[in-house]
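# An overview of the molecular structure
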Amino acid sequence: YNLRVSTAAQKLLNEFSLHMKLDLGLSAKSIEAYTRDVRDLLARYPDPARTSRTDIQKHLDAIKNAKDARLTNRSLARKISSIKRFFKFCVTSNLITDDPSLDIETPKIGRSLPKTLTLEEVDALLATPTSTNDAILIRTLYATGLRISELLTLTPQNIDLSAGILRIQGKGEKIRIVPLDQDTGKLITHYLENIRPQLLQKCGNLKCKTVFVSSHGRPFTRQGFWKMLGRYAKKAGIAATVSPHVLRHAFATHLLERGMNLRTLQMLLGHSDISTTEI
């Protein structure tokens with residue numbers, strides 16, 4: 001319900017947000033979600049020092065029992081995680097001595113296996129694009145296992161073709177090194193030297209910083225890539241919905257099937273927790 005909070009509570013909320021960014025290195029989306037959850041709590045109970053376990057439970061019950069509530073166990077678990085993270089911050093900041101959220105139980109949520117593609121489906125997908133520009137984009141995404149946001153914000157400075165690596169700034173602004181196979185590297189070299197300059201010249205957008213641009217010479221959007229990928233997947237005869245993240249899962253699955261160990265795969269994918277890689 002995102003009610004208004006007091007000035008003091010808002011100041012504390014700002015400090016908590018800064019802590020998540022600087023000390024924990026969380027992504028902007030995670031910080032936004034956690035901050036929103038805690039703001040709702042502070043609207044009801046603005047003083048952490050006077051907030052009890054019973055108060056927190058009443059707050060959660062109010063959320064679950066709201067008339068328009070469509071709360072899944074996953075959403076509830078995130079809200080509880082936000083509250084627990086906030087009170088832990090309050091303890092470490094010496095704002096309170098005891099954590100009232102310690103005994104709050106988090107609902108168990110099952111983790112479904114991610115969707116992926118077979119090698120045959122990937123081969124069919126890679127063979128489908130009629131545009132060289134589109135073909136290189138899809139090939140690079142599958143060959144590197146990047147998140148779509150990482151691919152579309154890639155700059156020429158992130159690519160070291162002589163060493164065959166990409167320097168990726170992932171979630172939490174963490175830098176990781178991703179190897180680039182020789183064949184994909186040659187395609188990117190061709191793209192940077194011949195295709196990209198023509199596309200930028202086409203619309204006079206010579207100052208564009210991203211590596212990959214659309215046929216109009218502008219940075220690719222997530223929505224544009226989704227539509228393009230879906231169109232080619234359908235043309236390749238793939239019945240399932242193919243998203244950029246499905247290609248990332250295919251990259252991981254195919255490497256794992258060929259004997260790559262989990263720790264190395266975790267590094268390539270940029271997972272902070274190996275349990276995510278295990279799934």
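Residues numbered from 1 in each chain as written. Predicted model: local features only at pLDDT ≥ 70, side-chain atom pairs only at ≥ 80, totals over all residues. Heavy atoms only, no water.

## Concerning the overall build of the protein
Applicable threshold: Here a helix means four or more residues in a row that DSSP labels H or I, a strand means two or more in a row labelled E, and each is numbered from the N terminus. Between buried and exposed lies partly exposed: a residue is buried under 20% and exposed over 50% of the maximum accessible area for its type, with that area taken using a 1.4 Å probe on protein chains only. Residues are treated as being in contact if the distance between any of their heavy atoms lies within 4.5 Å. Positive residues here are Lys and Arg, negative ones are Asp and Glu, while His and the chain termini are left out of the count. Positions of charges follow a simple convention, taking NZ of Lys, CZ of Arg, CG of Asp or CD of Glu.
Check the secondary structure of the protein and you find twelve helices and three strands. Principal-axis analysis of the C-alpha atoms gives the protein an extent of 65 × 40 × 35 Å. Here the protein, with 279 residues, has 40% of them falling under the buried criterion. Contacts in the protein between residues at least 24 apart in sequence constitute 58% of all its contacts with a sequence separation of at least 6. Of the charged side chains in the protein, 42 are positive and 26 negative; the average position of the first set lies 6 Å away from that of the second.

## Observations concerning the side chain of D99
Stated precisely, the cut-off is as follows: Under this definition, polar contacts are N or O atom pairs within 3.5 Å; protein pairs additionally need one hydrogen-donor-capable and one acceptor-capable atom, and for neighbouring residues in sequence, both atoms have to be side-chain atoms.
Topologically, D99 is positioned in the loop between α4 (73-92) and α5 (119-127). Polar side-chain contacts of D99 include one of 2.6 Å to the side chain of S101. Contacts of D99, omitting those with residues within four sequence positions, involve K84, F87, K88 and V91.

## Observations concerning the pattern of salt bridges
What counts, and what does not: We define a salt bridge as a side-chain nitrogen of Lys or Arg found within 4 Å of a carboxyl oxygen belonging to Asp or Glu.
Taken as a whole and assessed by the stated rule, the structure comprises seven salt bridges. Across the pair D37 and K79 runs a salt bridge, and its minimum N-O distance is 3.3 Å. With D37 in helix α2 (residues 28-44) and K79 in helix α4, this pair connects stretches of sequence that are 42 residues apart. Assigned by exposure class, D37 and K79 land together as buried. For E257, the salt bridge goes to R258, with nearest N and O atoms at 3.8 Å. In this pair, the class of E257 matches that of R258, namely exposed.

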